Amino acid sequence: MVRTVFLGLSPLALAACATTPAEQPVTVTGSITYRERIALPPTAQVEITLADVSLADAPSRTIAQQAFTADGRQVPFAFSLTIDQRPLDPRHSYAVSARISDASGRLMFITDTRNSVAFDGRRVIDMGMLTLVKTN
């Protein structure tokens, strides 16, 4: 009888050791592009950022960032940001933004719309294609 009780409780003990969804990292993926038929210089700098954009009167707080040099490649560029969900506040708002600059840091392209991210328990959140606009 003791053996039966022990075997019956074993799955419960193992389940208690499993990580909860909030403890598992989440990955935000997508691609960036722009509509203009302009080739990027090989030294163009690409930057994708996930930020806490909750406060309207304060700068956003960067949560994750991916940056790389184009190295002669052209859009679309895929991105993948892995985030630890534990420090995220469910009452806050989060968004992905992207920018492309030349080697001197002059802004060439940027997202001009809010690309909100909802952390709703999914392990992978696909943002799809984000379109950047040309700057002057």
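Quantities reported herein were computed from a predicted structural model and do not represent experimental measurements. (Residues numbered from 1 in each chain as written. Predicted model: local features only at pLDDT ≥ 70, side-chain atom pairs only at ≥ 80, totals over all residues. Heavy atoms only, no water.)

### A few points about the nonpolar core
Counting residues in each nonpolar core, the largest one holds 28 residues, and the members touching the most others are Val28, Ile32, Ile48, Phe79, Val96 and Ile100. Breaking this core down by element, the ones donating at least two residues are β1 (26–34), β2 (45–52), β3 (61–69), β4 (77–83), β5 (94–101), β6 (107–110) and β8 (124–134). Discounting residues that sit within four places of it in the chain, isoleucine 48 has contacts with Ile32, Ala64, Gln65, Gln66, Phe68, Phe79, Leu81, Val96, Ser97 and Ala98. (Core = buried A, V, L, I, M, F, W, Y, C linked by side-chain atoms within 4.5 Å. Buried < 20%, exposed > 50% of the residue type's maximum accessible area, 1.4 Å probe, protein only. Helix = DSSP H or I, 4+ residues; strand = E, 2+ residues; numbered from the N terminus. Contact = heavy atoms within 4.5 Å.)

### Comments concerning unusual backbone geometry
With an omega of 5°, the peptide bond running from valine 75 to proline 76 counts as cis. Along the chain, the position of proline 76 falls in the loop between β3 and β4. One non-glycine residue, aspartate 71, adopts positive backbone phi at about 50°. For aspartate 71, the position within the fold is in the loop between β3 and β4.

### Quick look at the pattern of salt bridges
Side-chain pairs of opposite charge can arise whenever the charged atoms involved come near each other. Summed over the entire model, instances satisfying the criterion amount to five salt bridges. Across the pair aspartate 52 and arginine 61 runs a salt bridge, and its minimum N-O distance is 3.7 Å. Given the relative accessible area of 7%, aspartate 52 is considered buried. Arginine 122 is paired through a salt bridge with aspartate 120; the nearest N and O atoms lie 2.8 Å apart. On the basis of relative accessible area, arginine 122 is assigned to the partly exposed category, the value being 38%. Given a relative accessible area of 48%, aspartate 120 falls into the partly exposed group. (Salt bridge = Lys/Arg side-chain N within 4 Å of Asp/Glu carboxyl O.)

### Structural notes on the pairing of β8
The sheet contact formed by β1 and β8 spans seven bridges and is parallel. Pairing of tyrosine 34 across the sheet is with leucine 132, part of β8. Where β6 lies against β8, two bridges are found, and the strand directions are antiparallel. Bridging across to β8, phenylalanine 109 finds its partner in lysine 134. (Pairing = 2+ DSSP bridges.)

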